[in-house]
Amino acid sequence: MKKWFDSQSKLVKVLLLVIPFVNWICEMILRWEKAINSKDVIDILVAVLATIGLGNILGWVDAVCIVLSDKLFLE
């Protein structure tokens, strides 16, 4: 999913991260994929936080980061 997400235009990325339920699903998939691949404690903690309900907030922060720097927060 990360490769697909990165290949999208900036507008599509921001839209995916601004729509509330879609934002949560994208955050969970992207964060768990990163946590599984890296096995870093911070990545696992962020993935758990995204899963238990903070995914919407992380998604909005990610949307702002994509607009400003074209990459996700904590990437």
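## Focus on the nonpolar core
For step 1, the next point in the chain: If you look at the biggest cluster of nonpolar residues, it comprises 9 residues: Phe5, Val14, Leu16, Leu17, Cys26, Leu30, Ala63, Ile66 and Leu72.
For step 2, the next point in the chain: The set of elements that each furnish at least two residues to this core consists of α2 (10-18), α3 (20-38) and α4 (41-69).
For step 3, the next point in the chain: The dominant element in this core, judged by the number of residues it contributes, is α2, at 3 residues.

## Quick look at the packing of α2 against α4
Axes are the key here: two packed helices are described by the angle between their axes and the distance separating the axes.
For step 1, the next point in the chain: Relative to each other, α2 and α4 sit at 165 degrees, their axes nearing to 8 Å. By the criterion of interaxial angle, the relationship of α2 to α4 is roughly antiparallel. Every pair of crossing elements has a handedness; the one defined by α2 and α4 is left-handed. Across the interface between the two elements, Lys10, Lys13, Val14, Leu17 and Val18 from α2 touch Gly59, Trp60, Asp62, Ala63, Ile66 and Val67 from α4.
For step 2, the next point in the chain: Classifying every residue of the contact of α2 with α4 by side-chain character gives 7 nonpolar, 1 polar and 3 charged.

## Let's talk about α2
For step 1, the next point in the chain: Inspection of α2 places Lys13, Val14, Leu16 and Leu17 among the buried residues, and these make up the whole buried set. In a view along the axis of α2, the buried residues occupy a sector of 160 degrees, so they form one face of it.
For step 2, the next point in the chain: As for α2, its buried residues are in contact with α1 (2-7), α3 and α4.

## Quick word on the side chain of Arg31
For step 1, the next point in the chain: Inspection of the secondary structure puts Arg31 in helix α3.
For step 2, the next point in the chain: Not counting chain neighbours up to four residues away, the residues in contact with Arg31 comprise Asp43, Val46, Ala47, Ala50, Asp62, Phe73 and Leu74.

## Side note on the confidence of the model for the protein
For step 1, the next point in the chain: Per-residue pLDDT for the protein has a mean of 88; in total, 100% of the residues score no lower than 70.
For step 2, the next point in the chain: Confidence, read as mean pLDDT per element, is least for α1 in the protein (87) and greatest for α2 (90).

Here is what the cut-offs are and how they apply
- Residues numbered from 1 in each chain as written.
- Predicted model: local features only at pLDDT ≥ 70, side-chain atom pairs only at ≥ 80, totals over all residues.
- Heavy atoms only, no water.
- Core = buried A, V, L, I, M, F, W, Y, C linked by side-chain atoms within 4.5 Å.
- Buried < 20%, exposed > 50% of the residue type's maximum accessible area, 1.4 Å probe, protein only.
- Helix = DSSP H or I, 4+ residues; strand = E, 2+ residues; numbered from the N terminus.
- Axes fitted to C-alpha atoms, helices over the stretch in contact; angles between N-to-C directions.
- Parallel < 35°, antiparallel > 145°, perpendicular 65-115°, else oblique.
- Left-handed = near helix turned anticlockwise from the far one by under 90°.
- Contact = heavy atoms within 4.5 Å.
- Nonpolar A, V, L, I, M, F, W, Y, C, P; charged D, E, K, R; others polar.
- Arc of directions from axis to C-beta.
- pLDDT = per-residue confidence, 0-100.

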